[in-house]
Amino acid sequence: MTMCIHTLFSAWGAPSPEERAAKTDAAIGPNFYYSDPNAPDPIQGRDAYLDYIAQFSAMMPGATAKVVAVSEHHGHLRATVDFVKDGQRMMRGQYFADLAEHRLLRVIGFSGMGEPD
């Protein structure tokens, strides 16, 4: 059940818009919702999400996102994701997701690992 989160984040480093779309389509369900601290507003739907990760690819050519840990229970996921460029981790974040029928419906991300201020 956790493969969809790996697939979703593998789209961030995909070299072409077509590959990003194929990976995204394989991972998300209808009415997909995505939010993270770098998005100006929550993202609703496939096309808006693809636009968002295209911006990442344009601003950070060659960068990737990789799920390094994931746990699941009762239709919910928690994933730790590393964003990497030139072999160096730029950022690590935590993502929480809701699933239905092995597809992601909602993904909410946070920068860092919840370190105290």
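Notes on the structure follow. In this text, all values refer to a predicted model and were calculated from it rather than measured experimentally.

Quick word on the environment of Phe 9
- With respect to the helices and strands, Phe 9 occurs in helix H1 (residues 3-10).
- Remark: the alpha-carbon pair of Phe 9 and Arg 20, spanning 11 residues in sequence, is separated by 9.5 Å.
- For Phe 9, the residues in contact, after removing those within four places along its chain, are Ala 65, Val 67, Val 81, Phe 83 and Tyr 95.

A short note on the pairing of strand E4 (residues 76-85)
- Where strand E3 (residues 64-73) lies against E4, nine bridges are found, and the strand directions are antiparallel. Bridge pairing links Ala 69 to Thr 80 in E4.
- Linking two consecutive strands that pair antiparallel, namely E3 and E4, is a turn of two residues; a positive phi of about 45° is found at His 74 within it.
- Direction of pairing for E4 relative to strand E5 (residues 88-100): antiparallel, over a ladder of 10 bridges. Residue pairing in the sheet places Phe 83 in a bridge with Met 91 of E5.
- What sits between E4 and E5 in their antiparallel hairpin is a turn of two residues, with Asp 86 showing a positive phi close to 55°.

What to know about the pairing of strand E6 (residues 103-111)
- Pairing between strand E1 (residues 28-35) and E6: four bridges, direction parallel. Paired with Tyr 34 across the bridge in E6 is Val 107.
- Where E5 meets E6, eight bridges bridge the pair, whose relative direction is antiparallel. The residue of E6 that forms the bridge with Tyr 95 is Gly 109.
- Adjacent in sequence and paired antiparallel, E5 and E6 are bridged by two residues, among which Glu 101 carries a positive phi angle near 50°.

Description of the pattern of salt bridges
- Inspection of the entire model under this criterion finds six salt bridges.
- The residue Arg 106 makes a salt bridge to Asp 98 at a minimum N-O spacing of 2.8 Å.
- Arg 106 gets classed as partly exposed once you look at its relative accessible area, which sits at 37%.
- By relative accessible area, which is 18% here, Asp 98 ends up buried.
- Each member of the salt-bridge network shares a partner with another, and the members are Asp 25, Arg 46 and Asp 47.

Digging into the layout of surface pockets
- For the largest pocket, the calculated volume is near 310 Å³.
- Lining the largest pocket are Trp 12, Asp 36, Asn 38, Tyr 52, Gln 55, Phe 56, Met 59, Met 60, Phe 83, Met 90, Met 91 and Tyr 95.
- Secondary-structure elements contributing two or more residues to the lining of the largest pocket are helix H3 (46-59) and E5.
- No other element matches the four residues that H3 contributes to the lining of the largest pocket.
- For the lining of the largest pocket, the residue count by class is nine nonpolar, two polar and one charged.

Basis of the calculations
- Residues numbered from 1 in each chain as written.
- Predicted model: local features only at pLDDT ≥ 70, side-chain atom pairs only at ≥ 80, totals over all residues.
- Heavy atoms only, no water.
- Helix = DSSP H or I, 4+ residues; strand = E, 2+ residues; numbered from the N terminus.
- Contact = heavy atoms within 4.5 Å.
- Pairing = 2+ DSSP bridges.
- Salt bridge = Lys/Arg side-chain N within 4 Å of Asp/Glu carboxyl O.
- Buried < 20%, exposed > 50% of the residue type's maximum accessible area, 1.4 Å probe, protein only.
- 1 Å grid on protein atoms, 1.4 Å probe; cavity = no way out; pocket = protein on both sides within 12 Å on 5 of 7 lines; lining within 4 Å.
- Points joined across faces, edges and corners; volume = space filled by probe spheres on them.
- Nonpolar A, V, L, I, M, F, W, Y, C, P; charged D, E, K, R; others polar.

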